[in-house]
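Residues per chain are reported as follows:
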Amino acid sequence: QKEVEQDPGPLSVPEGAIVSLNCTYSNSAFQYFMWYRQYSRKGPELLMYTYSSGNKEDGRFTAQVDKSSKYISLFIRDSQPSDSATYLCAMRRGSGGSNYKLTFGKGTLLTVNP
Amino acid sequence: DAGITQSPRYKITETGRQVTLMCHQTWSHSYMFWYRQDLGHGLRLIYYSAAADITDKGEVPDGYVVSRSKTENFPLTLESATRSQTSVYFCASSESTGAGEQYFGPGTRLTVT
């Protein structure tokens, strides 16, 4: 079993839809959870991160972490064509040494149609 | 310019040649990372560095060499390029505190013929 599983999609939605992107993981030591957005032929850019369980909101984006289920989600409200990209989840263990390595999901390709 | 830069952005080389990809960051971040991204595999860590003169292997280190004599630079060398090393290479950096979120460069698209 991979440490981090992410459905690659592709996911296609109409403009204005609510998008739900998800990852599951197997390592209970993960404490920091991140979402990256990657446009075609660009480097990944950090969208947001959360520490441990709970929700975090930033504009149209909400990140949720459920450590008991080992499940994280990213919700995009009022999706826009400019949200069309690959979304990667990433996570890592606590502080110190090799714990600063991130483990990435393979990414979900999202297309928002006008 | 502030941030993280990579050079060259595109490179075509022949099998057996040595190639060095450059990475430079202006934030004085402690950690630096090299990834390759391939269809079906996602991002895979090649090497990382916790500080100048401290480096360690990642998931796919074979055929690659790194060095870090200065905090801001982290070059990646392919000693004898093979076709299987055709990929997009990303460099990233992060602080050694807090969430340790990584910031990525724009990538180098390498083709080995």
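The residue count restarts for each chain, going from 1 along the sequence in the order it is written. In the order they appear in the text, chains get letters beginning with A and ligands get numbers beginning with 1. The predicted nature of this model means local features are confined to residues of pLDDT at least 70 and side-chain atom pairs, given and counted, to a pLDDT of 80 or more, with totals for whole chains, interfaces and linings taken over all residues. The side-chain figures draw on all heavy atoms in the structure; neither hydrogens nor water molecules are used.

Asker: Sorry if this is basic, but what is going on with the pairing of strand β11 (residues 108-112) of chain B here?
Answerer: Residues and elements named next belong to chain B. Using a 1.4 Å probe on the protein chains alone, a residue whose accessible area is under 20% of its type maximum counts as buried, one over 50% counts as exposed, and one in between counts as partly exposed. Secondary structure elements are defined from DSSP: runs of H or I of at least 4 residues count as helices, runs of E of at least 2 residues count as strands, and each element is numbered from the N terminus. Residues Thr108, Leu110 and Val112 point to one face of β11 and are all buried, whereas Arg109 and Thr111, pointing to the other face, are not buried. One bridge is not enough; two strands pair if DSSP finds at least two bridges between them. Where strand β2 (residues 10-13) and β11 come together, four bridges link them in parallel fashion. Looking at β11, one finds that isoleucine 12 is bridged to threonine 111. Relative to β11, strand β9 (residues 87-94) runs antiparallel, the two sharing three bridges. Each bridged residue has a counterpart across the sheet, and for valine 88 the counterpart in β11 is arginine 109.

Asker: How should I be thinking about the interface of chain B and chain A in this particular structure?
Answerer: When the parts of a complex come together, some accessible area is lost, and that lost area is often taken as the interface size. When checking whether two residues touch, look at their non-hydrogen atoms; a contact exists if any pair is within 4.5 Å. Contact with chain B, which involves 26 residues of that partner, is made by 20 residues of chain A. With both sides pooled, the region where chain B packs onto chain A buries about 1800 Å², and carbon together with sulfur makes up 55% of that total. Within this document, salt bridges are pairs made up of a side-chain nitrogen of Lys or Arg and a carboxyl oxygen of Asp or Glu, the two lying within 4 Å of each other. Connecting chain B to chain A are zero salt bridges. The term polar contact refers here to a pair of N or O atoms within 3.5 Å; inside protein, the definition further demands a hydrogen-donor-capable atom paired with an acceptor-capable atom, and it admits residues adjacent in sequence only when both atoms are side-chain atoms. On the surface where chain B and chain A come into contact, there are five residue pairs in polar contact (both at pLDDT 80 or more). Residue classes in the side of chain B that touches chain A are distributed as 12 nonpolar, 11 polar and three charged. Buried area is a sum: the accessible area each of two parts loses on coming together, probed at 1.4 Å, counted once for each and added. Each residue gets one label: Ala, Val, Leu, Ile, Met, Phe, Trp, Tyr, Cys and Pro are nonpolar, Asp, Glu, Lys and Arg are charged, and the others, such as Gly, are polar.

Asker: In this structure, what is going on with the packing of aromatic side chains? I would like to understand it.
Answerer: The geometry of an aromatic ring pair is captured by two quantities: the separation of the ring centres and the angle between the planes. Note on aromatic pairs: the rings of Phe, Tyr and Trp (six-membered ring only in Trp) are paired at centre separations within 6.5 Å, and the planes decide the class, stacked below 30 degrees, edge-to-face beyond 60, tilted for the rest. Under the defined criterion, the tally for this structure stands at 15 aromatic pairs over all chains. For the pair phenylalanine 104 of chain A and phenylalanine 104 of chain B, a centre-to-centre distance of 6.0 Å together with 75° between the ring planes defines the contact as edge-to-face. A residue pair is termed interchain when its members come from two chains, as with phenylalanine 104 of chain A in strand β10 (residues 103-104) and phenylalanine 104 of chain B in strand β10 (residues 103-104). When sorted by exposure, phenylalanine 104 of chain A lands in the same class as phenylalanine 104 of chain B, which is buried. Feature note: the residues Tyr36, Tyr100 and Phe104 of chain A together with Tyr31, Phe33, Tyr35, Tyr48, Phe90 and Phe104 of chain B constitute an aromatic cluster, connected by ring pairs. A ring is considered to have a charge above it if a Lys NZ or an Arg CZ atom is located within 6 Å of its centre and within 35 degrees of its normal. Over the ring of tyrosine 32 of chain A we find arginine 92 of chain A; its NZ or CZ atom is 4.2 Å from the centre of that ring. We note arginine 92 of chain A situated over the ring of tyrosine 100 of chain A; from NZ or CZ to the ring centre the distance is 4.2 Å.

Asker: Which parts of the structure should I look at to understand the nonpolar core?
Answerer: Grouped burial of nonpolar side chains is what soluble globular proteins tend to show. All names here are of chain A. Within this scheme, the nonpolar core is defined by two criteria: the residues are buried Ala, Val, Leu, Ile, Met, Phe, Trp, Tyr or Cys, and they are joined through side-chain atoms within 4.5 Å. With 23 residues, the main nonpolar core has Trp35, Ile72, Leu74, Tyr87 and Met91 as its most contacted residues. For this core, the secondary-structure elements that each account for two or more residues are β3 (19-25), β4 (32-38), β5 (45-51), β7 (61-66), β8 (71-76), β9 (85-92) and β11 (108-113). Apart from residues no more than four positions distant in its own chain, methionine 91 is found in contact with Val4, Tyr25, Phe30, Tyr32, Phe33, Ile72, Lys101, Leu102 and Thr103.

Asker: It is not clear to me how the environment of cysteine 23 of chain A should be interpreted in this structure. Could you clarify?
Answerer: All names here are of chain A. Within the element layout of this structure, cysteine 23 appears in strand β3. Cysteine 23 gets classed as buried once you look at its relative accessible area, which sits at 1%. In sequence terms cysteine 23 and aspartate 83 are 60 residues apart; their C-alpha atoms lie 18 Å from each other. Residues contacting cysteine 23, with those up to four places away along its chain left out, are Val4, Glu5, Gln6, Trp35, Lys70, Tyr71, Ile72 and Cys89.

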